[in-house]
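Remarks on the overall topology
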Amino acid sequence: QVQLVESGGDLVQPGGSLRLSCAASGSIFRLFTVDWYRQAPGKQRELAARITRDGSTDYADSVKGRFTISRDDFKNTAYLQMNSLKPEDTAVYYCNFRGTEYWGKGTLVNVSS
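Here is a short report on the structure shown in this document. (Residues numbered from 1 in each chain as written. Predicted model: local features only at pLDDT ≥ 70, side-chain atom pairs only at ≥ 80, totals over all residues. Heavy atoms only, no water.)

1. Some remarks on the pairing of strand 10 (residues 107–111)
Here strand 10 shows a clear split, with Thr 107, Val 109 and Val 111 buried on one side and none of Leu 108 and Asn 110 buried on the other. In terms of strand pairing, strand 2 (residues 11–12) meets strand 10 through two bridges, oriented parallel. From the neighbouring strand, Val 12 faces strand 10, where its bridge partner is Val 111. (Buried < 20%, exposed > 50% of the residue type's maximum accessible area, 1.4 Å probe, protein only. Helix = DSSP H or I, 4+ residues; strand = E, 2+ residues; numbered from the N terminus. Pairing = 2+ DSSP bridges.)

2. Topic: the sheet that holds strand 8 (residues 77–82)
Here four strands make up an open sheet; going across it, the order is 1-3-8-7 and the pairing antiparallel. Looking at the sheet topology across the chains shown, the edges are occupied by strand 1 (4–7) and strand 7 (67–72). Put simply, the sheet's adjacent strands are angled 15° from each other on average, direction ignored. Examined bridge by bridge, strand 3 (residues 18–24) and strand 8 share six bridges and lie antiparallel to one another. Looking at strand 8, one finds that Ala 23 is bridged to Thr 77. (Axes fitted to C-alpha atoms, helices over the stretch in contact; angles between N-to-C directions.)

3. Digging into the sheet that holds strand 5 (residues 46–51)
Sheet architecture is open: six strands sit in the order 2-10-9-4-5-6, paired in mixed fashion. Edge positions in the sheet fall to strand 2 and strand 6 (57–59), since each has one partner strand and no second.

4. Concerning the pairing of strand 5
Looking at chain direction, strand 4 (residues 34–39) and strand 5 are connected through five bridges and run antiparallel. When the sheet's bridge partners are listed, Asp 35 is paired in strand 5 with Arg 50. Summarising the sheet, strand 5 and strand 6 pair through three bridges and their orientation is antiparallel. Its bridge partner being in strand 6, Ile 51 is matched across the sheet by Thr 57. In this antiparallel pair of consecutive strands, strand 5 and strand 6, the connection spans five residues, and Gly 55 shows a positive phi of 95°.

Function cannot be read off these values alone, since they describe shape.
Here you go:
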């Protein structure tokens, strides 16, 4: 059974930075594309960033140029570096193995002064 555990969420002021981590159990991490989703209060979950097995990346327009997704297959971990944070980035952030039912429980990012 694969488990995904997100961490790194916090309260941060506008303009600040955070790095989220998504740690996976087992040894199959390298086989999957990893997605970072986010869900703001009262809104639908949306895809924020994606990284494929070979390291290709894609971003939502709303985070492009501010967020960077990366992965370390030796550590079975994906990261989301978030810079120049805005109040509208406030959400619970989840990681997912694309196309699977493997989801973490999320980590809360709160951007507020």
